[in-house]
Structure formats: structure tokens, C-alpha cells
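Listed below are the residues making up each chain.
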Amino acid sequence: MTVAADSLPAQLRCDCCGANPSSSKVVVSRGNPSARFMVIGEAPGAREDALGKPFVGRSGKLLDILLKDVGINPCRDVFICNAIKCRPPKNRRPTKKELIASLPWLNQQIELVDPWVIALAGSTAVEAVLGLKDKISTIRGVWQSWQGRMVMPLFHPSYLLRNSSRVEGAPITLTLGDLIKVQNRIKEFEKASTMPMLGIDMGGKS
Ligand code: URA
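**Considering the overall build of the chain**
Now for step 1: The helix and strand inventory of the chain stands at seven helices and eight strands.
Now for step 2: Every one of the 206 residues in the chain was classed for burial, and the buried ones make up 40%.
Now for step 3: Contacts spanning at least 24 positions in sequence make up 68% of the contacts within the chain whose residues lie at least 6 apart.

**Description of the sheet that holds strand β6 (residues 117–121)**
Now for step 1: On the basis of which strands lie adjacent, the open sheet formed by six strands has the order β3-β5-β4-β6-β8-β7 and mixed pairing. The sheet terminates laterally at β3 (30–31) and β7 (144–146), the two strands that pair on one side only.
Now for step 2: Inspection of the sheet shows strand β4 (residues 37–41) paired to strand β5 (residues 78–82) by five bridges, in the parallel sense. What sits directly across from M38, in β5, is F79.
Now for step 3: In the packing of helix α4 (residues 123–130) onto the sheet, the strands contacted are β4, β6, β7 and β8 (149–154), and the crossing angle to β6 comes to about 130 degrees.

**Remarks on the environment of N82**
Now for step 1: On the secondary structure map, N82 appears in strand β5.
Now for step 2: C-alpha separation for the pair N82 and G41, spaced 41 residues apart in sequence, amounts to 4.3 Å.
Now for step 3: Sequence-distant contacts of N82, defined by excluding residues within four places in its chain, comprise V27, I40, G41, E42, A43, P44 and P54.

**Some details on the confidence of the model for the chain**
Now for step 1: On average, the chain scores 89 in pLDDT, and the residues at 70 or more come to 84%.
Now for step 2: This model gives residues 8–13 a pLDDT under 50, and the stretch forms five contacts once residues within four places in sequence are excluded.

**With respect to the environment of I110**
Now for step 1: Locating I110 in the fold gives a position in helix α3 (residues 96–113).
Now for step 2: Taking the C-alpha atoms as reference, I110 lies 9.8 Å from C81; in sequence the two are 29 residues apart.

**Things to note about unusual backbone geometry**
Excluding glycine, residues mostly have negative phi values, and the peptide bonds linking residues are mostly trans.
Now for step 1: Phi at K90 is positive, roughly 55 degrees, even though this residue is not glycine.
Now for step 2: Along the chain, the position of K90 falls in the loop between β5 and α3.
Now for step 3: C-beta crowding within 10 Å serves as the criterion here: with 7 such atoms nearby, K90 is assigned to the exposed category.
Now for step 4: Despite not being glycine, D114 shows a phi value in the positive range, around 55 degrees.
Now for step 5: In this fold, D114 is placed in the loop between α3 and β6.
Now for step 6: For D114, a count of 17 C-beta atoms within 10 Å corresponds to the partly exposed category.

**Some words on the pairing of β5**
Two faces make up the sheet, and in a regular strand the side chains alternate between them.
Now for step 1: Buried residues dominate β5, accounting for five of its five residues.
Now for step 2: Of the strand pairs in this sheet, β3 and β5 are connected by two bridges, and their pairing is antiparallel. Residue pairing for β5: G31 is matched across the bridge by F79.

**Topic: α4**
Now for step 1: Counting buried residues in α4 gives seven out of eight residues, a clear majority hidden from the surface.
Now for step 2: For α4, the set of buried residues is S123, T124, A125, V126, E127, A128 and V129.
Now for step 3: Here the buried face of α4 lies against β4, α3, β6, α5 (136–139), β7 and β8.
Now for step 4: Directly beyond the C-terminal end of α4, a positive phi value near 70 degrees is found at G131.

**Let's talk about the packing of helix α2 (residues 58–69) against helix α7 (residues 171–193)**
Axis angle and axis distance: for two packed helices, these are the angle between their axes and the distance between the axes, and together they describe the pair.
Now for step 1: Contact pair α2 / α7: the axes reach a minimum separation of 9 Å and the direction vectors enclose 55 degrees. What the angle tells us is that α2 and α7 run oblique. The chirality of how α2 crosses α7 is right-handed. Every residue of α7 that contacts α2 at L66, L67 and D69 is listed here: T175, L176 and L179.
Now for step 2: Counted by class, the contact of α2 with α7 contains four nonpolar, one polar and one charged residues.

Conventions and cut-offs
- Residues numbered from 1 in each chain as written.
- Predicted model: local features only at pLDDT ≥ 70, side-chain atom pairs only at ≥ 80, totals over all residues.
- Helix = DSSP H or I, 4+ residues; strand = E, 2+ residues; numbered from the N terminus.
- Buried ≥ 20, exposed ≤ 12 C-beta atoms within 10 Å, placed from the backbone.
- Contact = placed C-beta atoms within 7 Å.
- Pairing = 2+ DSSP bridges.
- Axes fitted to C-alpha atoms, helices over the stretch in contact; angles between N-to-C directions.
- pLDDT = per-residue confidence, 0-100.
- Parallel < 35°, antiparallel > 145°, perpendicular 65-115°, else oblique.
- Left-handed = near helix turned anticlockwise from the far one by under 90°.
- Nonpolar A, V, L, I, M, F, W, Y, C, P; charged D, E, K, R; others polar.

Put into C-alpha cells, the structure is as follows:
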């Protein structure tokens, strides 16, 4: 979904974008809003700002490859968005103020998509959603629970671009393992939701 910043009603504008000269669009999402899996990144970069979609540059291409590697279709099986919706100047890390200003929108996206599993790509997304400042290398791959949802922190794809080895124990290999955990969990949820005998309400998605 793409939204021109000046076409939004004031209450929907991202607080940080009005004053941000390097941002031309509000980058909202891509993928399937009915998906059970949601990936949240940090912020749009130059390519995302130009095309109006998250993760469409080099790191997004790698993200799609990794998702496909574990059997997740990036168009059908996942909803992708960012902690903040506007490109920060010079691609700097979003400030705490920007993360807080953007949180109501992100929360609304989570509520509307209602995913079973959320992956947080990188430490900024972890901080934005979980409020944790842990190093991503210690928290990645460890299931977290947030407002009743399963949350999986991941290395950010831009870090994986700089560490492209696929040997055992390398960041990409670890991330593939983390995504397999996500995929397995979703399959378990799917199985449970199609077994009426269990009487589990899986949140209205069939
Ligand atoms: N990095 C992010 O965190 N998000 C994007 O959309 C692109 C790069």
C-alpha cells in the first residue's frame, strides 16, 4: 500500500515525515493483509521511498529470497511493514521520538492484520515493539510473547547482506533456522484451527 504524504488526513500522517525533507512518500506495507505472518522492519530507505513499498531494495530482495527458501511466499503468506513509515534523513536510525510517534499506526496495522506470528527484523523493530534494547545477536531466534502473539526477533537483512556466508552458524543460516521456526509455528496454528474438535478460537481467520 502506498500513500502520498500530503493526501493523508492530519491524524494519519506520521509525525516524523512532515519535517523530513528526504521522505517523499509514506511507506505503509506490502504483501497480504490477511496473512498470519507479519514482518516488521526499521524504516524505509531510498528505494522504498522511491517506490512507496517496504523492503524493495537490496535488503528486501534478500528478505524475499530467505522467505522463499523456507517456503513462505512473500506475496501470499506475509504482510510486511516498518516501525516507522517515512525515510529518515540519510537513512539514519529512527529516533526514539519517531518510534513512539509511529507506534499507534504500527499497533493499528497489527490489530487489523491480526497475525499469529510477528517477526521483528533488527534491533530497532525489537525496541519499537517489545521495548527491549537487547543486542539482536542475543535475542534473535528466541520466541517472545507480546500481547498474546508469538514474536520472533531476526537479524536485519541489511546485516545479512554484509555477512553473506551460508556456512553453519553464519547469520544467514541462523536466520533461515529462525524462519523455519516461524513457518513450523504457523503450520501448527493452521492445523489446530482446522481441527474443530479442539474448539480453539484462532482469531477469526480460516
Ligand atoms: N530496511 C528496513 O528496515 N525497511 C525497509 O523497508 C527497507 C530497508
